[in-house]
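If you want the building blocks of each chain, they are given just below.
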Amino acid sequence: MPSTSGFCLHKGLFWESFVRFLRGRKMEDSKIVDLYWARDERAITETSVKYSRYLKKVAFNILADNGDCEECENDTYMRAWNAMPDDRPELLSSYLARIIRNLAIDIFRKRNSMKRKDSEYALSIDELDEMIPSGSTVEQEVEGKLLSGAISDFLRTRKAEKRNIFISRYFYCDAIKDIAENAGMKEVSVRSVLLREREALREYLKKEGFAV
Amino acid sequence: MNTDADRKKPEAEAIMDAIGNIDEDLLMEADRFRTGQKPAEYTHGSSGKGRGLHAPGKAGRLRYIALPIAAAAVLFIGVIIFVKGGPLSLKMGGASMDTASQTAPAEYAMAEDPSFAEETSGAAAEKEAESYEEEFNGYPIAESAETTEATDAALNMEAAEGEALETGESKLPEITLPDEWKASGCITSVPVSAELYRNIEFDDSGAPMGNPEITDNHTSSEFIKSAGCEELGEGWYYILTLQKHDLTGDYWVFLFVNRDSDVYYELSLSAECFSEEEAEEIAGSVRLK
């Protein structure tokens, strides 16, 4: 696994990136993926050049901490490096966004559980929680996949604009203000759309047999 | 005691996890939405108004415009300093342009002659320069100038060319003649090899045939007439054209030609200062020393 700061050490890569920066161009996704498949370290450099800001934004939406965001970003490159020879993402940004989102949520939960350690009340609740029999990991995974499938199906029934607003908010964790700007709508309208979409999802999941 | 929110939290987390694994195509569509690439079906409000997280802001737009320009400027200056050995010692062909001549437009007959540019290098340049010096020692300055304008123009040119020879390295003074001078009035010599006048042909009697039209980025010319010019000697004719320069205005150009001469002379007079008749009168006063 190459270092994410490795591009600073390679003169050629640095100049190539610098020239591309001056020309205002970035490498196409397919070429970056080719580099991953060829196990070429430039894949990391080019990914960083093209998507660093984008990925940090996704992570910051969840963590609100620059240090954690950088850690997430580096882990994302590592995950992509390890996964890419099997995966061939069509759109690299959404592929990387999924990775960094899930990593950021993991860090968020770990961070919260660390805070809970200071609370004896929280610890006692956790101890009691362990007594309650729960489903196996396999079961949880299956349920998770079923739930994901159901949510995907639900989203397909919605109008594209509402669907994208929903995903922006609950996948990318974008701020309402940013979503409103992207959609060319008022923030109030976005909040209203999200409220109706949540209610519609609840109804849909109930119909599908999920206990929500 | 658990609140409602506490009880819902694990479910919400499960849903958030599930949303994290929604189908790739939905995610791609949403990603395009966030980057401002909206599908045509979006008609809400001011569709296309949204900027998208990928779209460059003011700083980004500035980067795309200003940085390449700044880099090009720095590179250009660097190349000038490196190759030319200093920004104020630019060289053209084998001859140097002094700082005064840098301000002069480079739209002169000599400069436009490609053969001139090719030949003016090294020893060839020196040889050429000597021959040009000889030519310029014998200016066809008006002997009996009937107007002060013509005299002033001639004197101005003499002084300027003398200064150019003294102060600069240039041995080709006609190159440094600004168009403003030509427009206001001056005389210069032109080698017959100059590209602009190469197409002048002569009939059996020695009278010029053809029209030395000048057309470049700035100048267009209109042929007026040609006539004999016995005052200059046997075989001399003048061709009168009205040249229109988009920067310096209109001026009459008399080209004095002789089939047997290897140099022509050119008199230009401002069309705003002189009528055609007045210009012809001045042209008639020109004598060869």
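Scroll up a little and you will see the structure.
Residues numbered from 1 in each chain as written. Chains lettered and ligands numbered in written order. Predicted model: local features only at pLDDT ≥ 70, side-chain atom pairs only at ≥ 80, totals over all residues. Heavy atoms only, no water.

K.L.:
Help me out: how do you make sense of the overall build of chain A in this one?
P.N.:
In terms of regular secondary structure, chain A is built from ten helices and zero strands. Taken from the N to the C terminus, the helices and strands of chain A come in the order α-α-α-α-α-α-α-α-α-α. Residue burial in chain A is summarised as follows: out of 212 residues, 41% are buried. Restricting the contact set of chain A to residue pairs at least 6 apart, pairs at least 24 apart contribute 63%. (Helix = DSSP H or I, 4+ residues; strand = E, 2+ residues; numbered from the N terminus. Buried < 20%, exposed > 50% of the residue type's maximum accessible area, 1.4 Å probe, protein only. Contact = heavy atoms within 4.5 Å.)

K.L.:
Would you explain the overall build of chain B in this entry?
P.N.:
If you tally the helices and strands in chain B, you get ten helices and nine strands. Residues counted as buried form 40% of the 289 residues belonging to chain B. A fraction of 53% describes how many contacts in chain B between residues 6 or more apart in sequence connect residues 24 or more apart. Roughly 15,700 Å² of accessible area belongs to chain B as shown, and the carbon and sulfur atoms make up 54% of that amount. (Areas by Shrake-Rupley, 256 points an atom, 1.4 Å probe, with all protein chains shown as cover.)

K.L.:
I would appreciate a short explanation of the pattern of salt bridges in the present structure.
P.N.:
Think of it this way: side chains of opposite charge can pair up when their charged atoms draw near. Within this structure, the stated rule accounts for 15 salt bridges over all chains. Among the salt bridges present, the one from aspartate 178 of chain A reaches lysine 57 of chain A, with a minimum N-O distance of 2.9 Å. Residue aspartate 178 of chain A is located in helix α9 (residues 176–183), and its partner lysine 57 of chain A is located in helix α3 (residues 42–63); the two are separated by 121 residues in the primary sequence. Judged by its relative accessible area of 17%, aspartate 178 of chain A falls in the buried class. Of the charged contacts in the structure, one is a salt bridge between glutamate 24 of chain B and arginine 98 of chain A, with a shortest N-O distance of 2.9 Å. Taken together, the residues span two chains, with glutamate 24 of chain B in helix α2 (residues 24–34) and arginine 98 of chain A in helix α5 (residues 92–116). Judged by its relative accessible area of 14%, arginine 98 of chain A is buried. The network of salt bridges with shared partners includes Arg156 of chain A together with Asp23 and Asp25 of chain B. (Salt bridge = Lys/Arg side-chain N within 4 Å of Asp/Glu carboxyl O.)

K.L.:
Could you clarify how one ought to interpret a nonpolar patch on the surface in this entry?
P.N.:
Residues and elements named next belong to chain B. A cluster of nonpolar side chains, contributed by Phe76, Ile77 and Ile81, occupies part of the molecular surface with about 320 Å² of accessible area. Mapped onto the elements of the fold, phenylalanine 76 is located in helix α3 (residues 58–84). Residue classification places phenylalanine 76 among the exposed positions, given a relative accessible area of 56%. (Patch = residues over 30% accessible without salt bridge, like charges linked within 9 Å, V, L, I, M, F, W, Y side chains within 5 Å.)

K.L.:
Honestly, the sheet that holds strand β6 (residues 219–228) of chain B in this entry has me stumped. Any pointers?
P.N.:
Two pairing modes exist for strands in a sheet, parallel and antiparallel, and in both the strands are linked by backbone hydrogen bonds. Residue and element names in this part refer to chain B. In spatial order, the strands read β3-β9-β8-β7-β6; together these five strands make up an open sheet with antiparallel pairing. Here the strands that pair on one side only, and so sit at the sheet edges, are β3 (185–191) and β6. Each neighbouring strand pair of the sheet contributes to a mean axis angle of 20°, computed without reference to strand direction. Sitting on the sheet, helix α10 (residues 276–284) touches β6, β7 (236–245), β8 (249–258) and β9 (263–270), and the angle it makes with β8 is about 35°. (Pairing = 2+ DSSP bridges. Axes fitted to C-alpha atoms, helices over the stretch in contact; angles between N-to-C directions.)

K.L.:
Looking at this structure, I do not really get the side chain of serine 93 of chain A. What am I missing?
P.N.:
Among the structural elements, serine 93 of chain A can be located in helix α5. Among the polar contacts listed, one links the side chain of serine 93 of chain A to the side chain of aspartate 31 of chain B, at a separation of 2.7 Å. (Polar contact = N/O pair within 3.5 Å; in protein donor to acceptor, adjacent residues only side chain to side chain.)

K.L.:
Would you mind showing me how to read the packing of aromatic side chains here?
P.N.:
Given two aromatic rings, their pairing is described by the distance between the two centres and the angle made by the two planes. All names here are of chain A. If you walk through the whole model with that rule in mind, you get nine aromatic pairs over all chains. On the numbers, 4.9 Å between centres and 55° between planes, the contact of phenylalanine 166 with tyrosine 170 is tilted. Note that phenylalanine 166 and tyrosine 170 are positioned in helix α8 (residues 160–170) at a spacing of four residues, about one turn of the helix. The burial state of phenylalanine 166 is the same as that of tyrosine 170; both residues are buried. (Phe/Tyr/Trp six-rings, centres within 6.5 Å; stacked < 30°, edge-to-face > 60°.)

K.L.:
When you look at the side chain of serine 285 of chain B in this model, what are you seeing that I'm missing?
P.N.:
Its place among the elements puts serine 285 of chain B in the segment after α10. Polar contacts involving the side chain of serine 285 of chain B include one to the main-chain carbonyl oxygen of isoleucine 282 of chain B, which spans 2.5 Å.

K.L.:
What's the story with the nonpolar core in this structure? I'm lost.
P.N.:
Within soluble globular proteins, side chains that are nonpolar tend to cluster in buried spots. The biggest cluster of nonpolar side chains holds 61 residues, and the ones touching the most others in it are Ile151, Ile165, Ile167 and Tyr172 of chain A. Counting 19 residues, the second-largest nonpolar core is a separate cluster that includes Trp252, Phe254, Ala279 and Ile282 of chain B. (Core = buried A, V, L, I, M, F, W, Y, C linked by side-chain atoms within 4.5 Å.)

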